[in-house]
Amino acid sequence: MSKQKGILFDATLCIGCGACYEGCKQKNKLTQTNKDFLSDHLSDDTYTTIELYGDIYARKLCMHCDEPTCVSVCPVGAFSKSETGAVVYDGNKCIGCRYCMQACPHKVPRYKWETAKPVICKCNMCDERIKIGKIPACAEACPTEATLFGDLDDIIQVAKRRIKENKRNYYPHIYGLEEAGGSHVLILSPVPFEKLGYTPHLPKEPMPMLTMNAMDKIPPIIGVGGLFLGGMFWLTKRKNQIAREEAGKKKELQNHESR
Ligand code: SF4
Ligand code: SF4
Ligand code: SF4
């Protein structure tokens, strides 16, 4: 897989049919609640929602950040960035600390409280489907191309073109392109994004400081384990830093050798 993928949601094209919502439920074997999907919320049983603001429908799902805070805070590496660009979760590694829930700037991850084994629930951009050449179930189900899947570069171009060619229809901004360092889910809207419930005023930079603040806010639910996890966090951070440094050195060496 060479190119990074992404999803474009265009609120100006969404007719609120709920096909994406149902497609996601079906694909992830979640409880079907097709009667009143507009009042549903993200939960351990719902990975994407359709919400109505006046006469505009807005989808919510994991934004698949470029530099995800859920990945950076997880002390055991249960979250990771897939080669597709999706941010994926491995329940076998999860210890249930819920740092990811505290740290996510878009308030996406949800916890499954009913099970003894810790489980965090969120959209995984249908990573396993993408890897075998299919498209995410929500994009496949959408009848209007309000939800569009493709190479990230291509959907960025589509988003820019739609705004340029139809200035009167769009608020002149692509949500997710720069917010919190950028993401693989991009949103177009006819109105300012906060009017559709998207998190406003996110900085353009990735959010290491938010990560740090989130760590400060973790309640002492895990007692002595908290100290252990704090240590693990720094170890994970250091491990990532070393990996980055080593990758840089390797690249330098390769460049040098190819000269
Ligand atoms: S939106 Fe939240 S859960 Fe999704 S990748 Fe970004 S930080 Fe992680
Ligand atoms: S990409 Fe897959 S998991 Fe994510 S909202 Fe769409 S159907 Fe659900
Ligand atoms: S399937 Fe497409 S048109 Fe229907 S609610 Fe979802 S995004 Fe909107």
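All values reported here derive from a predicted model rather than from experimental measurement. (Residues numbered from 1 in each chain as written. Chains lettered and ligands numbered in written order. Predicted model: local features only at pLDDT ≥ 70, side-chain atom pairs only at ≥ 80, totals over all residues. Heavy atoms only, no water.)

Brief notes about the site of ligand 1
Alright, step 1. In the vicinity of ligand 1 lie 13 residues, with Cys62, Met63, Cys65, Cys70 and Cys104 positioned nearest.
Alright, step 2. Classifying every residue of the shell around ligand 1 gives nine nonpolar, three polar and one charged. (Near = heavy atom within 4 Å. Nonpolar A, V, L, I, M, F, W, Y, C, P; charged D, E, K, R; others polar.)

Focus: unusual backbone geometry
Among all residues except glycine, the phi angle is most often negative; among peptide bonds, the trans geometry is most common.
Alright, step 1. A positive phi angle is found at Lys107, which is not glycine, with a value near 55°.
Alright, step 2. The exposure class of Lys107 is exposed, given its relative accessible area of 58%.
Alright, step 3. Not every positive phi belongs to a glycine, and His201 is a case in point at roughly 55°.
Alright, step 4. Using a relative accessible area of 75% as the deciding quantity, one classes His201 as exposed. (Buried < 20%, exposed > 50% of the residue type's maximum accessible area, 1.4 Å probe, protein only.)

Notes on the site of ligand 2
Alright, step 1. The environment of ligand 2 is formed by 13 residues, the closest being Cys24, Cys123, Met125, Cys126 and Cys138.
Alright, step 2. Tallied by class, the residues present in the shell around ligand 2 amount to nine nonpolar, three polar and one charged.

Focus on the packing of aromatic side chains
Alright, step 1. Using the criterion set out here, one finds seven aromatic pairs in the structure.
Alright, step 2. Centre to centre, the rings of Tyr21 and Phe37 are 5.6 Å apart; their planes meet at 35°, and the pair counts as tilted. Here Tyr21 is found in helix H1 (residues 19-27), whereas its partner Phe37 is found in the loop between H1 and strand E2 (49-53), with 16 residues between them in sequence.
Alright, step 3. Since its relative accessible area comes to 1%, Tyr21 is described here as buried.
Alright, step 4. An aromatic cluster is built from Tyr171, Tyr175, Phe193 and Tyr198, whose rings are joined through pairwise contacts.
Alright, step 5. One residue, Lys60, lies across the ring of Tyr198, its end atom 4.8 Å from the ring centre. (Phe/Tyr/Trp six-rings, centres within 6.5 Å; stacked < 30°, edge-to-face > 60°. Helix = DSSP H or I, 4+ residues; strand = E, 2+ residues; numbered from the N terminus. Lys NZ or Arg CZ within 6 Å of the ring centre and 35° of its normal.)

Focus on the pattern of salt bridges
Alright, step 1. Summed over the entire model, instances satisfying the criterion amount to 10 salt bridges.
Alright, step 2. The shortest N-O distance in the salt bridge between Arg162 and Asp10 comes to 2.9 Å. Placement of Arg162 in helix H6 (residues 152-165) and of Asp10 in strand E1 (residues 5-10) is noted, with a sequence separation of 152 residues between them.
Alright, step 3. Close ionic contact of Glu128 with Lys27 constitutes a salt bridge, the shortest N to O distance being 2.7 Å. You can see Glu128 sitting in helix H4 (residues 127-131) and its partner Lys27 sitting in helix H1, a full 101 residues away along the chain. (Salt bridge = Lys/Arg side-chain N within 4 Å of Asp/Glu carboxyl O.)

Spatial relationships are all this shows, so hold off on functional conclusions.
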